[in-house]
Amino acid sequence: MKEKLVALLLRHGTTELNEAGCFRSWLDVPLAPEGIAQAQLAAKFLQKYPIKRILCSPLLRAFVTADLAAKPHGLHVNQHRGLFPWRLGVFSGKPKKDTQAALKLFVNSPQVPIPEGESLEAFENRQFAFFEAVLKEKAGLTLMVCHTSNVVALQNFTEDERLGEPEDAETVKPGGVLAVYWDGKQHRAEAVFGAAEPAKFGGS
């Protein structure tokens, strides 16, 4: 079977917390002016794809990014809780430089929940179940607008192993796009717009 494009993932544009080097997690921070510009560039890039539906995280930064991407296609945006990022609890809003080492303890012990948040294993399990369900649906090309932890989780899902840690590095920059392909046996993901360094697990 010839490889087929089945989904696209768009990372939301940047926020002031991104620029300050802080964890965003479930904090509902808006896009910064630069983030809106990034989302507009992504929307222009995505015009060439025959997108049939758009799912997005309920958080404002993702919804605004998704709404900009939806307009050229005349589509409505459907918010889905399955695209919430990794819930980092006590680390939310904190500078990465001060807390990255502490977060790494929870990466290395993935069954242990972060206080006021969730464990890495719980995040991966709900994310993998979401991706498995969405990618099985015959709804046409789907655009999912989400956070960097979701992007990394999708890559790990397609590779069937943990290649990256969602809060340590990034696969695509804010406003970047990941394409998901299916060859009849397995999925494959690659950055097609705004590629960054290889991802490692733990932002959003």
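Residues numbered from 1 in each chain as written. Predicted model: local features only at pLDDT ≥ 70, side-chain atom pairs only at ≥ 80, totals over all residues. Heavy atoms only, no water.

## Notes on the environment of A69
No. 1: Structurally, A69 is set in helix 3 (residues 60-70).
No. 2: Those residues in contact with A69 that sit more than four places away from it in its chain are L10, A43, L46, I54 and L143. (Helix = DSSP H or I, 4+ residues; strand = E, 2+ residues; numbered from the N terminus. Contact = heavy atoms within 4.5 Å.)

## Topic: the sheet that holds strand 5 (residues 172-182)
No. 1: The strand order 3-2-4-1-5-6 describes an open sheet built from six strands, whose pairing is mixed. What marks the edges here is a single partner per strand, and that holds for strand 3 (77-79) and strand 6 (187-195). Averaged over all adjacent pairs, the angle separating strand axes in this sheet is 25°, with direction ignored.
No. 2: Across the sheet, helix 5 (residues 120-136) touches strand 1 (4-11), strand 2 (53-56), strand 4 (142-146), strand 5 and strand 6, and the angle it forms with strand 4 is around 155°.
No. 3: Against the sheet, helix 6 (residues 148-159) engages strand 1, strand 4, strand 5 and strand 6, with an angle of about 145° to strand 6. (Pairing = 2+ DSSP bridges. Axes fitted to C-alpha atoms, helices over the stretch in contact; angles between N-to-C directions.)

## Describing the environment of E118
No. 1: Relative to the helices and strands, E118 is located in the loop between helix 4 (96-108) and helix 5.
No. 2: E118 sits 60 residues away from P58 along the chain, and the two C-alpha atoms are 18 Å apart.
No. 3: When near neighbours in sequence (up to four residues on either side) are disregarded, E118 contacts P85, W86, R87, P113, F123 and R126.
No. 4: Of note is the side chain of E118, whose polar atom sits 2.7 Å from the side chain of R126. (Polar contact = N/O pair within 3.5 Å; in protein donor to acceptor, adjacent residues only side chain to side chain.)

## Concerning unusual backbone geometry
No. 1: One non-glycine residue, S25, lies in the positive phi region at around 50°.
No. 2: Within the element layout of this structure, S25 appears in the loop between helix 1 (16-19) and helix 2 (33-46).
No. 3: Judged by its relative accessible area of 0%, S25 is buried.
No. 4: Backbone geometry places E116, a non-glycine residue, at a positive phi of 70°.
No. 5: Along the chain, the position of E116 falls in the loop between helix 4 and helix 5.
No. 6: Note on E116: relative accessible area 67%, which makes it exposed. (Buried < 20%, exposed > 50% of the residue type's maximum accessible area, 1.4 Å probe, protein only.)

## Structural notes on the pairing of strand 4
Consecutive side chains along a regular strand alternate between the two faces of the sheet.
No. 1: Of all five residues that make up strand 4, five are buried, and the element is covered over most of its length.
No. 2: Of the two faces of strand 4, the one carrying T142, M144 and C146 and the one carrying L143 and V145 are both buried.
No. 3: As paired strands, strand 1 and strand 4 are joined by five bridges and run parallel to one another. Opposite R11, over in strand 4, you have C146 as the bridge partner.
No. 4: Pairing geometry for strand 2 and strand 4, over four bridges, is parallel. When the bridges of strand 4 are listed, L55 appears paired with M144.

## Quick word on the packing of aromatic side chains
No. 1: Per the counting criterion, the structure on display carries nine aromatic pairs.
No. 2: When the centroid spacing of 6.5 Å and the interplanar angle of 75° are considered together, the rings of F23 and F91 count as edge-to-face. Placement of the pair is F23 in the loop between helix 1 and helix 2 and F91 in the loop between strand 3 and helix 4, with a sequence separation of 68 residues.
No. 3: Classification of F23 by relative accessible area gives buried; the value is 0%.
No. 4: One aromatic cluster is present, built from ring pairs that chain together F128, F130, F131 and F157. (Phe/Tyr/Trp six-rings, centres within 6.5 Å; stacked < 30°, edge-to-face > 60°.)

## Focus: the nonpolar core
No. 1: Formed by 29 residues in total, the largest nonpolar core has its most connected members in L9, W86, F131, M144 and L154.
No. 2: Looking at this core, the elements that each hand over two or more residues are strand 1, helix 4, helix 5, strand 4, helix 6 and strand 5.
No. 3: With six residues, the top contributor of residues to this core is helix 5.
No. 4: Aside from chain neighbours lying at most four places away, what touches L9 is F131, L143, M144, C146, N150, V151, L154, G176, V177, L178 and V180.
No. 5: Counting 21 residues, the second largest nonpolar core, distinct from the first, contains Y49, I54, L141 and V145. (Core = buried A, V, L, I, M, F, W, Y, C linked by side-chain atoms within 4.5 Å.)

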